[in-house]
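Structural characterization, general
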Amino acid sequence: MTQNKAVVIDYQDLVTNKDVSAQIEEAFGSHDHCLGLLLVKNLPPTYLALRERLLRLASVFAALPEDAKDKTVHAASRYSFGWSCGKEIMNGKPDVSKGSYYANPMMDEPEASKALQEQFPEYCHPNVWPKDSLPELEQAFKELGQFIVGVGAQVAKTCDAFVHAQLPTTFSPTHLQDVIQKSKTTKARLLHYFPQTGVTEGEKRDDMDSWCGWHLDHGSLTGLTSAMFVDESKDGLQEVACPDKEAGLYIRNRGQQVIQVSIPRDHLAFQTGEALQLATRGLLAATPHCVRGATAPEGDPARYATLARNTFAVFMQPSLETVVTEDGRSFGEWTKEVLDRYYDKETKEV
């Protein structure tokens, strides 16, 4: 396990179409040292306020009474809209270390036929919002989600140019841009990692994925904020520095080395997913990653008992009917198989 600096691109270089193909290859390429992660700096000045507003609301929502949260649970979509906690399977057991709020930040109503809505409820369902218990969540979620998709569209231009130069006859020069601009399946996830209690250095030092197990994103491109650590024992839910320097995001690079990655709070991170790996024939490979929880020093198991972690991820992915596998399966068909890795099939029933 080691730390490594991620590739950083200036936002202005993206919007002015500067040639950054070397940085794209360094970030997302197939060389052993490549992380599969890119950082974008010098974002428009509205970003920090959007990030702070939404991430703080993750703690507010998680603290609501259970009956209020239950009103936003949608089992028929395999908990892919609204609130989900303890439904996802990680490391062979229900994941109760975090709660998630899912929605499409680009549209409230699905633009899909009745048949698609019935076949793919994981993507084709109206958003569910806590209009009575936390009405401000909706606008905060949508505005940050749309901001991230906008930056993702700029990243997509550079990815398309790089891959098309390598695969000029098989890869569209606008493939990823089309995914982001035309797809109706964008999904965002507001994550709240609950404080870990009674976890000490001696007990959990080898449990790297104690907050989130190792996994791949199955979409094309994921936009990710830096995490906000919050001491929930204090009024105001102010952001604090994480006291455990080994807690946070970890990536397994192309050479299978485990790397700890730090995302500055004023940067956005972008990771590659399985759908993009398939489309690029492995030139841009999916990024294995996990999250390690804060571990208290031995003899003081309650040290971090009120320390929560909040973050926000936006999954930009193909339309349901887009063919993504060599055997002709659409993204909708293939993604059902992917979801089977993480959810009990029985949860499809209400």
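Let us look at the structure shown here. Treat the numbers as computed from the prediction; the structure is a model and nothing was measured.

Moving on: the pattern of salt bridges. For the structure shown, the criterion picks out 14 salt bridges. A salt bridge links K69 to E66, with the nearest nitrogen and oxygen atoms 3.0 Å apart. Separated by three residues within a single helix, K69 and E66 lie in helix α4 (residues 66-70), roughly one turn from each other. It is possible to trace a salt-bridge network through shared partners that takes in D108, K131, E138 and K142.

A few words now on the pairing of strand β11 (residues 228-231). Burial along β11 is two-sided: M228 and V230 and F229 and D231, pointing in opposite directions, are all buried. As judged from the two bridges shared by β11 and strand β12 (residues 239-240), these two strands associate in the antiparallel manner. When the sheet's bridge partners are listed, F229 is paired in β12 with V240.

It is worth spelling out the packing of helix α2 (residues 21-28) against helix α6 (residues 136-166) at this point. Where α2 meets α6, the axes come as close as 9 Å, and the angle between the chain directions of the two elements is 90 degrees. When the axis of α2 is compared with that of α6, the two are roughly perpendicular. From α2, S21, I24, E25 and F28 reach across to α6, where they touch V155, T158, C159 and F162. Class assignment of the residues belonging to the contact of α2 with α6 gives a composition of five nonpolar, two polar and one charged.

Extensive coverage of strand β7 (residues 98-103) is indicated by the burial of six of its six residues. Of the two faces of β7, both are covered, the one formed by K98, S100 and Y102 as well as the one formed by G99, Y101 and A103. Relative to β7, strand β4 (residues 82-85) runs antiparallel, the two being bridged by four bridges. By the bridge assignment for β7, S84 is matched with S100. As judged from the six bridges shared by β7 and strand β8 (residues 187-193), these two strands associate in the antiparallel manner. Opposite S100, over in β8, you have L191 as the bridge partner.

Okay, helix α7 (residues 175-182) next. Buried within α7 we find L176, Q177, V179 and I180. End-on view of α7: buried residues confined to an arc of 160 degrees, all on one side of the axis. Opposite the buried face of α7, at more than 90 degrees from it, the exposed residues are Q181 and K182.

Let's shift gears to unusual backbone geometry. Located in the positive-phi region is R78, a residue other than glycine, with phi close to 55 degrees. Mapped onto the fold, R78 is located in the loop between α4 and β4. A relative accessible area of 1% means that R78 is categorised as buried. One non-glycine residue, Y79, lies in the positive phi region at around 60 degrees. Mapping Y79 onto the fold places it in the loop between α4 and β4.

Relative to the assigned elements, I9 resides in strand β2 (residues 7-10). Residue classification places I9 among the buried residues on the basis of a relative accessible area of 1%. Ignoring sequence-local partners within four residues, the contact set of I9 consists of L14, V20, Q23, I24, L38, L39, V40 and K41.

Our focus in this paragraph is the environment of V20. Summarising the element assignment, V20 is placed in the loop between α1 (11-15) and α2. A C-alpha to C-alpha distance of 8.7 Å links V20 and F162, two positions 142 residues apart in sequence. When residues no more than four places from it in sequence are discounted, the contact partners of V20 are I9, D13, L14 and T158.

About the cut-offs
Residues numbered from 1 in each chain as written. Predicted model: local features only at pLDDT ≥ 70, side-chain atom pairs only at ≥ 80, totals over all residues. Heavy atoms only, no water. Salt bridge = Lys/Arg side-chain N within 4 Å of Asp/Glu carboxyl O. Helix = DSSP H or I, 4+ residues; strand = E, 2+ residues; numbered from the N terminus. Buried < 20%, exposed > 50% of the residue type's maximum accessible area, 1.4 Å probe, protein only. Pairing = 2+ DSSP bridges. Axes fitted to C-alpha atoms, helices over the stretch in contact; angles between N-to-C directions. Parallel < 35°, antiparallel > 145°, perpendicular 65-115°, else oblique. Contact = heavy atoms within 4.5 Å. Nonpolar A, V, L, I, M, F, W, Y, C, P; charged D, E, K, R; others polar. Arc of directions from axis to C-beta.

Coordinates in, geometry out; function isn't part of it.
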